[in-house]
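Chain and residue survey
Read off the chains here:
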Amino acid sequence: ENTQLKDIISHAKEYGFIFPSSEIYDGLQAVYDYGQMGVELKNNIKNLWWKCMTQLNQNVVGLDAAIFMHPLVWKASGHVDSFSDPMIDNKDSKKRYRADVLLEEKAAQYENEGDVEKANALLAEMGKLLEAEDLDGVRELIIREGIKCPISGTANWTEVRQFNLMFSTEVGSVADETNTIYLRPETAQGIFVNFLNVQKTGRMKVPFGIAQIGKAFRNEIVARQFIFRMREFEQMEMQFFVRPGTEMEWYNQWKETRKKWHEAIGIPAESLRYHDHEKLAHYANAAVDIEYKFPFGFKEVEGIHSRTDFDLTQHQELSRKKLQYFDNDLNEEGKPYGNYIPYVIETSAGADRLFLMTLCNAYTEEEITEGDNTKSRTFLKLHPSLAPVKAAILPLTKKDGLPEKAEKIFNDLKFDFNMIFEERDSIGKRYTRQDLIGTPFCIAVDHQTLEDDTVTVRDRDSREQVRMPISELKNYIEKAVSF
Ligand code: ATP
């Protein structure tokens, strides 16, 4: 199964989707760049999310807050004190590991060997120790399980320490404590601190939501599995503010809406599942992950969290500014509690994880038979609305005025769709190349085009061709690629 991930990683590199960061310097761990095809695909994912969240919901509006925020924000949110992972170092290799991941891998090994009971017992014991913040106990467990460093092969471990995931830097020129600021580890806090600004200036009535797309940064130690876990990544988050007491209703509604969205962008229902959190974060009273079946197993792509009034209450306390909403409807009903701090339902997705999910789901290898020949074909079966390039305009030959005719079609449609004009190589090779980047339509311009203004349109998935007038192209493509 992991060969499939390897194939996808090399495909992503070869066709301009994803490059390792600073590759000429041998890369930077867990940081990646999006290439000419990748940036289009990622923008399409983000735009579709944005449209579905804001444009399709009258009561959800957008925001674009800065990455830098006042240091007290991260004190209030709990990130300064508790956004950390338990780390352990091997004294011989000097390599650092996440203690919980070492134990999880051991449990997975037991499970693979068929001893599910032993695996569960180990996970349960680890859970208890972490809950009690018994870091020495975690170290003892690692030693008792005989876990060795894969590099040095020894079990010569240091103590376990909590390691904060936030990146910090200094503002201004003087390096002193008070100038330390953080790169945001989540975009949500930018929404919370602007809650009243948006509510008042937008005359928003609870329930309403604020959506935001932006970069987040985490100093992740377990950096593997390609763009699944990165140090710099992008989040697409929406905070939905509701009346206290109604939060479970909204939680269930968003949980369903979000899963349906993943299905609508082409992910089959059987490749998705919910995973309820048994252990809740300090701010939550309910939490569920939407997981996708990656080549390395079901893993989280989006979280839906019922965050209570934790964040707004904390910000009210530390900023000493009232963050209450005046609910006129309740007031008119004569209820005494017209003023309250709303409860929050959050939907939090990673743009890069959705990108990886989309790529894994689209990557298709099939056997095709042409006459007596069977050959294999690789193509990206992307939802047309996500495809980086919507159509390729391909003059059959480089002479007889075909390129000029094709260029005219290109120039007429380029305002509507992202397209490619390609006249090099045989038509078959050009089709193959478009298949590899997931272009839904290839438009061939041939000698008949010069006579009757018709072209052939080849469908990426069926490889079937239909002939149609140039004047119908726009509608035909638009219908397929609109969402
Ligand atoms: P994980 O358990 O995988 O570390 P998390 O539970 O910490 O994720 P959240 O804090 O809920 O994740 O973040 C919401 C979303 O942001 C996740 O569902 C994921 O899509 C994305 N995300 C979180 N961390 C990363 C990362 N290091 N790289 C890429 N995407 C990330």
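Residues numbered from 1 in each chain as written. Predicted model: local features only at pLDDT ≥ 70, side-chain atom pairs only at ≥ 80, totals over all residues.

Under an unreviewed UniProt entry, the name given to the protein is Glycine--tRNA ligase, and the organism recorded is Pontibacter ummariensis. The UniProt entry for the protein carries the following text under Sequence similarities (unreviewed entry): "Belongs to the class-II aminoacyl-tRNA synthetase family." (UniProt positions renumbered as here; feature names shortened; annotations may be inferred.)

**Here's the deal with the overall build of the protein**
Along the protein, the regular secondary structure elements total 17 helices and 23 strands. Over its C-alpha atoms, taken along the principal directions, the protein stretches across nearly 80 × 70 × 50 Å. (Helix = DSSP H or I, 4+ residues; strand = E, 2+ residues; numbered from the N terminus.)

**Quick notes on the domain arrangement of the protein**
By a frequent convention, interface size equals the accessible area lost on bringing the separate parts together. We note that the domain assignment places domain 1 (2-70 + 173-359), domain 2 (86-164) and domain 3 (389-481) within the protein. A straight line from the C-alpha centre of domain 1 to that of domain 3 covers 38 Å. (Domains from an automatic or database assignment.)

**Considering the site of the ligand**
Taken together, 16 residues form the shell around the ligand, and within it Phe-233, Gly-303, Ser-348, Gly-350 and Arg-353 come nearest. Of all the elements, strand 13 (residues 297-308) adds the most residues to the shell around the ligand, at four residues. Broken down by class, the residue content of the shell around the ligand amounts to four nonpolar, four polar and eight charged. (Near = placed C-beta within 6 Å. Nonpolar A, V, L, I, M, F, W, Y, C, P; charged D, E, K, R; others polar.)

**Here we look at unusual backbone geometry**
For the bond from Val-206 to Pro-207, the omega torsion is 5 degrees, close enough to zero to count as cis. Inspection of the secondary structure puts Pro-207 in the loop between helix 9 (195-201) and strand 9 (208-217). Positive phi, normally seen in glycine, also occurs at Asp-425, with a value near 70 degrees. Turning to its location among the elements, Asp-425 is positioned in the loop between strand 20 (419-421) and helix 15 (427-437).

**Overview of the sheet that holds strand 21 (residues 441-445)**
Spatial ordering of the open sheet is given by 20-19-21-22-23, a layout of five strands whose pairing is mixed. If you trace the sheet from one side to the other, it starts and ends with strand 20 and strand 23 (465-469), each paired once. Averaged over all pairs of adjacent strands, the angle between strand axes in this sheet comes to 25 degrees, irrespective of strand direction. (Pairing = 2+ DSSP bridges. Axes fitted to C-alpha atoms, helices over the stretch in contact; angles between N-to-C directions.)

**Considering the packing of helix 6 (residues 116-131) against helix 7 (residues 135-144)**
Axis separation between helix 6 and helix 7 bottoms out at 8 Å; the angle between their running directions is 155 degrees. The angle between helix 6 and helix 7 falls in the class roughly antiparallel. At the point where helix 6 passes helix 7, the crossing takes the left-handed sense. Contact residues: Glu-125, Met-126, Leu-129 and Leu-130 in helix 6; Gly-137, Val-138 and Leu-141 in helix 7. Considered class by class, the residues forming the contact of helix 6 with helix 7 number five nonpolar, one polar and one charged. (Parallel < 35°, antiparallel > 145°, perpendicular 65-115°, else oblique. Left-handed = near helix turned anticlockwise from the far one by under 90°. Contact = placed C-beta atoms within 7 Å.)

**A closer look at the packing of helix 5 (residues 99-112) against helix 6**
Contact geometry for helix 5 and helix 6: axes closest at 7 Å, N-to-C directions at 165 degrees. It follows that helix 5 is roughly antiparallel to helix 6 by the angle criterion. Helix-helix and strand crossings are classified by hand; for helix 5 and helix 6 the assignment is left-handed. Note on element contacts: helix 6 touches helix 5 through Val-116, Lys-118, Ala-119, Leu-122, Leu-123, Met-126 and Leu-130, opposite Asp-100, Leu-103, Lys-106, Ala-107, Tyr-110 and Glu-111. The class makeup of the residues in the contact of helix 5 with helix 6 is nine nonpolar, no polar and four charged.

**Some points on the pairing of strand 21**
Counted residue by residue, strand 21 has five buried out of five residues, so it is predominantly covered. Judged by which residues are buried, strand 21 turns out to be covered on both faces: Phe-441, Ile-443 and Val-445 on one side and Cys-442 and Ala-444 on the other are all buried. Judged from the five bridges that link them, strand 19 (residues 391-395) and strand 21 form a sheet pairing that is parallel. Bridging across to strand 21, Ile-393 finds its partner in Ile-443. (Buried ≥ 20, exposed ≤ 12 C-beta atoms within 10 Å, placed from the backbone.)

**Some points on the environment of Ser-152**
Examined against the element boundaries, Ser-152 turns out to sit in the loop between helix 7 and strand 6 (161-164). A tally of 14 C-beta atoms within 10 Å means that Ser-152 is categorised as partly exposed. Distance in space between the C-alpha atoms of Ser-152 and Ser-173 is 42 Å, their sequence separation being 21 residues. For Ser-152, the contacting residues outside a window of four places in its chain are Asn-90, Asp-92 and Ser-93.

**Structural notes on the sheet that holds strand 11 (residues 272-276)**
The mixed open sheet is built from seven strands, whose spatial order is 3-9-10-16-13-12-11. Lying at the two open borders of the sheet, with one neighbouring strand each, are strand 3 (60-63) and strand 11. Within the sheet, the average angular offset between the axes of one strand and its neighbour, ignoring direction, is 25 degrees.

**Describing the nonpolar core**
Among the nonpolar cores identified, the biggest contains 71 residues, and Ile-227 and Phe-240 are the most heavily contacted of them. Sort the elements by how many residues they give to this core and strand 10 (residues 232-242) lands first, with six residues. (Core = buried A, V, L, I, M, F, W, Y, C linked by C-beta atoms within 7 Å.)

**Thoughts on the confidence of the model for the protein**
Overall, the predicted model of the protein reaches an average pLDDT of 94, with 97% of residues at or above 70. Listed scores for the predicted complex are pTM 0.91 and ipTM 0.97. (pLDDT = per-residue confidence, 0-100.)

**Notes on the pairing of strand 9**
Counted residue by residue, strand 9 has seven buried out of 10 residues, so it is predominantly covered. Bridging between strand 3 and strand 9 involves four bridges; their strand directions are parallel. Counterpart to Val-61 in the pairing with strand 9 is Ile-210. Looking at chain direction, strand 9 and strand 10 are connected through 10 bridges and run antiparallel. For Phe-208, the partnering residue across the bridge sits in strand 10 and is Phe-241.

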